[in-house]
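Spelled out, the chains give:
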There are 2 protein chains.
Amino acid sequence: SLMEGRSKFLEFPFVSISHENLMRDTFSMLDNRLQSQLLPCSLPSDIQHFQNQTGSSQASLHIRAGNNNSPVAVVLGSWLHSELPTGGSLDITSLIAYLNSSTDAPDFVFEIIRSSPTMLVLILDLPARKDLVLWPDYLKTFYEDTQLDTHRQALERLPEVQPYFSSSLYIRTIFSSPTAITVRIQTENGGAERMEEIIRDHLDPISKQVLGIWLDYCVSAKREVGEEERACLKKRDGLARKQSIEVDLGSSFPRLFGPEVGNRVLQAIKEYCTV
Amino acid sequence: SLMEGRSKFLEFPFVSISHENLMRDTFSMLDNRLQSQLLPCSLPSDIQHFQNQTGSSQASLHIRAGNNNSPVAVVLGSWLHSELPTGGSLDITSLIAYLNSSTDAPDFVFEIIRSSPTMLVLILDLPARKDLVLWPDYLKTFYEDTQLDTHRQALERLPEVQPYFSSSLYIRTIFSSPTAITVRIQTENGGAERMEEIIRDHLDPISKQVLGIWLDYCVSAKREVGEEERACLKKRDGLARKQSIEVDLGSSFPRLFGPEVGNRVLQAIKEYCTV
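Residues numbered from 1 in each chain as written. Chains lettered and ligands numbered in written order. Predicted model: local features only at pLDDT ≥ 70, side-chain atom pairs only at ≥ 80, totals over all residues. Heavy atoms only, no water.

A.B. asks: Is there a simple way to think about the overall build of chain A in this case?
C.D. replies: Across its full length, chain A holds 10 helices and eight strands. For chain A, whose C-alpha radius of gyration is 18 Å, the value lies close to the compact-globule estimate of 19 Å for 275 residues. Its C-alpha atoms give chain A principal-axis dimensions of about 55 × 45 × 35 Å. Burial analysis of chain A (275 residues in total) assigns 56% to the buried set. Pairs at least 24 apart in sequence give 65% of the contacts found in chain A among residues at least 6 apart. (Helix = DSSP H or I, 4+ residues; strand = E, 2+ residues; numbered from the N terminus. Rg over C-alpha atoms; globule rule 2.2 N^0.38 Å. Buried < 20%, exposed > 50% of the residue type's maximum accessible area, 1.4 Å probe, protein only. Contact = heavy atoms within 4.5 Å.)

The following block contains the structure:
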């Protein structure tokens, strides 16, 4: 049943080939590297996969907590598919990894939101877990020395890429490291084919490189975190994670899946993600 | 001599008409509203206006500290003009207002960097003085309830407007409120005339509206700041202001004005701006 949940999640049955490959590869990369640190996914099966009454909205969820020796608090993979009343569909795939308070290194957030074959929104960030204004050394260690910005710059050069601003200012605030990639990609001229090309030739390598930096320099970082700082991290992480779930999923899940299913799933996610 | 310094600063002798009007108007707006709260500019005359040996770089500086009853720590106006070896010139005009630790309300930063008649960079922000992830109420009060983002959105709609990313990640971090306007405007097709139009019809009203919000909702905000919080604000403000002067001016002033003049001016600015 554990394997079933994982394989269901890894099917990504509704997204395009290159999008599916990208998600599967990044998930495997994370899974391979963290394998020994993660507990099995213990979600009930009706939360691993769920849908609304008519089946027009479906989603898969894969959540694994880190074990006692790991700096990883939790890894969340998910996909969501919803047929839109207008005829198209909304597809969201995401891979999020939160660290625990034994370290202050950044988290990993990777989300693709697609509402048509020629439009997507990409959020790819290592959100800081401290106030960067107060900690220039932290900025240097995780954002400057790792050359993270080169990947943002590479993507920015594509003419189809535009900045994306979430309508929620709190979401903007959370995913706002100085190297955050928050973009809208539109391929009106080249159509769906050009979008496939951009995903395969650009998003794919960039996402893997950013994930690689997170695995090499954040998960593996040896950080000294004192007692007081630990309490600060817990408070800040708790707020950021709770708010991002509420703002991001809290408004859409009950609407897409009905209040009963939507709230049950939200509750399960919160239990895993809030300190 | 006080009036002389002010009027020299207000001449803006090197920028275009609409740019000059914009700076003069916003400066007057600030000056009129804060007049009774500010001490006279006490800068020595060789720091109110200075240039390099050949006269190819010139600058004017106008700095007024807030009085004891004011939440304003300091107001800085400046312009800088430098002939470039390539033939063009670099013009920077800025208006910055820092609050003191009797309040935690946001600061005001407004800077225009122009390296050709058809290209400019605009930074217009009310930089937060607290970690917004930890203080959602602060975000709501100063950024959501004030509708600040509508002004960023209005500007974003112009086809000539693109996002701007400072090469310094620390500068990005400081001017990164969720409603920060950090854009590059290029008018290659419409030339210098179109740029004048954009400054007059868009930058002018937007800058005044943002300044108005700062005057009405930040300077005038009644905030309770406890002893401990005050110490936090002092530390954070001190770091942010010192770093922004060092990164922004510290590298260019000695180069543009020679080390002797450059460092003397830098020192004077630091004395006013760091806690």
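A.B. asks: How should I be thinking about the pattern of salt bridges in this particular structure?
C.D. replies: Pairing between side chains of opposite charge can happen when their charged atoms approach one another. All names here are of chain A. Enumeration over the complete set of coordinates arrives at 48 salt bridges over all chains. A salt bridge links Arg 152 to Asp 149; the nearest nitrogen and oxygen atoms lie 2.8 Å apart. Taken together, the positions of Arg 152 and Asp 149, both in helix H5 (residues 149-156) and three residues apart, correspond to about one turn of that helix. Comparing Arg 152 with Asp 149 shows no difference in burial state: the two are buried. Because the salt bridges share partners, they merge into one network encompassing Asp 104, Lys 130, Arg 223 and Glu 229. (Salt bridge = Lys/Arg side-chain N within 4 Å of Asp/Glu carboxyl O.)

A.B. asks: Just checking my understanding: could you explain the sheet that holds strand E8 (residues 181-186) of chain B for this structure?
C.D. replies: Backbone-to-backbone hydrogen bonds pair the strands of a sheet. The strands run either parallel or antiparallel. All names here are of chain B. Read from one edge of the open sheet, eight strands run E1-E2-E3-E4-E5-E6-E8-E7, paired in antiparallel fashion. Of all the strands in the sheet, just strand E1 (49-51) and strand E7 (161-163) have a single pairing partner and so form its edges. Ignoring which end each strand starts from, the neighbouring axes of this sheet average 15° apart. As paired elements, strand E3 (residues 72-83) and strand E4 (residues 89-99) share 11 bridges and run antiparallel to each other. Opposite Val 74, over in E4, you have Tyr 98 as the bridge partner. Sitting on the sheet, helix H8 (residues 227-248) is in contact with E3, E4 and strand E5 (108-116), with an inclination near 170° to E4. Helix H10 (residues 259-273) rests against E1, strand E2 (57-65), E3 and E4 of the sheet, and its axis sits at about 20° to E2. (Pairing = 2+ DSSP bridges. Axes fitted to C-alpha atoms, helices over the stretch in contact; angles between N-to-C directions.)

A.B. asks: Just to check I follow, could you spell out the environment of B:Glu193 for this structure?
C.D. replies: Residue and element names in this part refer to chain B. As for its placement among the helices and strands, Glu 193 is situated in helix H7 (residues 191-219). Judged by its relative accessible area of 69%, Glu 193 is exposed. Along the primary structure Glu 193 and Arg 64 are separated by 129 residues, whereas in three dimensions their C-alpha atoms are 35 Å apart.

A.B. asks: Explain the sheet that holds strand E3 (residues 72-83) of chain A to me, please; I cannot follow it from the model alone.
C.D. replies: Residues and elements named next belong to chain A. Strand order in the open sheet made by the eight strands is E1-E2-E3-E4-E5-E6-E8-E7, with antiparallel pairing throughout. The open sheet is flanked by strand E1 (49-51) and strand E7 (161-163), the only strands paired with a single partner. Put simply, the sheet's adjacent strands are angled 15° from each other on average, direction ignored. Relative to strand E8 (residues 181-186), E7 runs antiparallel, the two sharing three bridges.

A.B. asks: Looking at this model, I keep getting lost on unusual backbone geometry. Mind explaining?
C.D. replies: Most peptide bonds adopt trans geometry, and most residues besides glycine take a negative phi value. Positive phi is not limited to glycine here, since A:Phe12 has a value of about 40°. Inspection of the secondary structure puts A:Phe12 in the loop between helix H1 (2-11) and helix H2 (17-34). On the basis of relative accessibility, which here comes to 2%, the residue A:Phe12 falls in the buried class. Located in the positive-phi region is B:Gln147, a residue other than glycine, with phi close to 60°. With respect to the helices, strands and loops of the structure, B:Gln147 is situated in the loop between helix H4 (136-144) and helix H5 (149-156).

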